[in-house]
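Single-letter residue listing:
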Amino acid sequence: SPDHHSFSRRLQQLSDEGKVTPYVFYEQAAQGEEGAVSHYRGRTDLTEIGNKLPVDNAEFYLCGPLDMMKAVYSQLKALKVPDSSIFYEVFGPTKSLAD
């Protein structure tokens, strides 16, 4: 939720400076957040924004629960993003997202 969004101010600052284009998904969006620019309600679903992603010229960083990262990884692979452009950090025992 927006109430627990780590580094949200920094992300907004980088966006305001034109350094990143954030697409934020909140499974449980606060009242009034849904429909805000670059904010989406529900689990991460790249079909909603796939045509906006620079898949040929971007790096994708994943951090979160393993099942969520596996789901996003699969969606990135469906968009033809190469493994060399996908970075992630697993909290806990090391696992591969491709498994």
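As the structure is a computational prediction, the values presented were derived from the model and not from experiment.

S.K.: For the overall build of the protein, give the residues involved together with the corresponding values.
M.R.: Scanning the protein for helices and strands turns up two helices and four strands. Ordered by position from N to C terminus, the α and β elements of the protein give α-β-β-β-α-β. Looking at the protein as a whole, 25% of its 99 residues qualify as buried. Taking as baseline every contact in the protein between residues at least 6 positions apart, the subset at least 24 positions apart corresponds to 47%. Carbon and sulfur atoms make up 49% of the accessible area of the protein, which amounts to about 7200 Å² in all.

S.K.: Help me get a handle on the environment of Q12, residues and values and all.
M.R.: Topologically, Q12 is positioned in helix α1 (residues 8–16). With relative accessibility at 43%, the residue Q12 sits in the partly exposed group.

S.K.: Summarise the layout of surface pockets; cite the residues concerned and give the values.
M.R.: Any empty space left between atoms is shown by rolling a water-sized probe over those atoms. Size it by volume and the largest pocket reaches roughly 1800 Å³. What lines the largest pocket is a set of 43 residues, among which Y23, V24, T44, Y61 and C63 lie closest to the centre. Among the elements of the structure, α1, β1 (24–26), β3 (60–63), α2 (66–78) and β4 (86–89) are those that each provide at least two residues to the lining of the largest pocket. Looking at the lining of the largest pocket, the element that brings in the most residues is α2, giving six residues. Its residues placed into classes, the lining of the largest pocket shows 25 nonpolar, ten polar and eight charged.

S.K.: Lay out the nonpolar core with the relevant residues and their values.
M.R.: Ranked by internal contacts, the top residues of the largest apolar core, which has 16 residues, are F60, L62 and L76. Mapped onto this core, the elements with two or more residues apiece are β3 and α2. Broken down by element, the residue count for this core peaks at four residues, all from α2. Setting aside chain neighbours within four positions, we find L76 in contact with L46, F60, L62, V81 and I86.

S.K.: Pulling in residues and values, what's your account of the environment of E48?
M.R.: By secondary structure assignment, the location of E48 is in the loop between β2 (39–41) and β3. Not counting the four nearest positions on each side in its chain, E48 is found in contact with F25 and Y40.

About the thresholds
Chains are numbered independently. Their residues run from 1 in the order of the written sequence. With the structure being a predicted model, the display of local features is reserved for residues of pLDDT at least 70 and the display and counting of side-chain atom pairs for 80 or more, all residues being used for whole-chain, interface and lining totals. Values shown for side chains rest on all heavy atoms present in the structure; no hydrogens or waters enter the calculation. The way it works is that DSSP assigns letters per residue, a run of H or I at least four long becomes a helix, a run of E at least two long becomes a strand, and they are numbered from the N terminus. Relative accessibility thresholds used throughout: buried, under 20% of the residue-type maximum; exposed, over 50%; partly exposed, between the two (1.4 Å probe, protein chains only). The criterion used for residue contact is that any of the two residues' heavy atoms lie within 4.5 Å. Each accessible area is a Shrake-Rupley estimate made with a 1.4 Å probe; only the visible protein chains count as cover when residues are assessed. Site definitions follow a grid-based scheme: protein atoms alone, a 1 Å grid, a 1.4 Å probe that fits but cannot get out for cavities, and for pockets an open set with protein on both sides within 12 Å along at least five of seven lines, plus lining residues having an atom within 4 Å of a point. Grid points are joined across faces, edges and corners, and a volume is the space filled by probe spheres set on the points. Three categories are distinguished: nonpolar for Ala, Val, Leu, Ile, Met, Phe, Trp, Tyr, Cys and Pro, charged for Asp, Glu, Lys and Arg, and polar for the others, with Gly belonging to the last. To define a nonpolar core, start from buried Ala, Val, Leu, Ile, Met, Phe, Trp, Tyr and Cys residues and group those joined through side-chain atoms within 4.5 Å.

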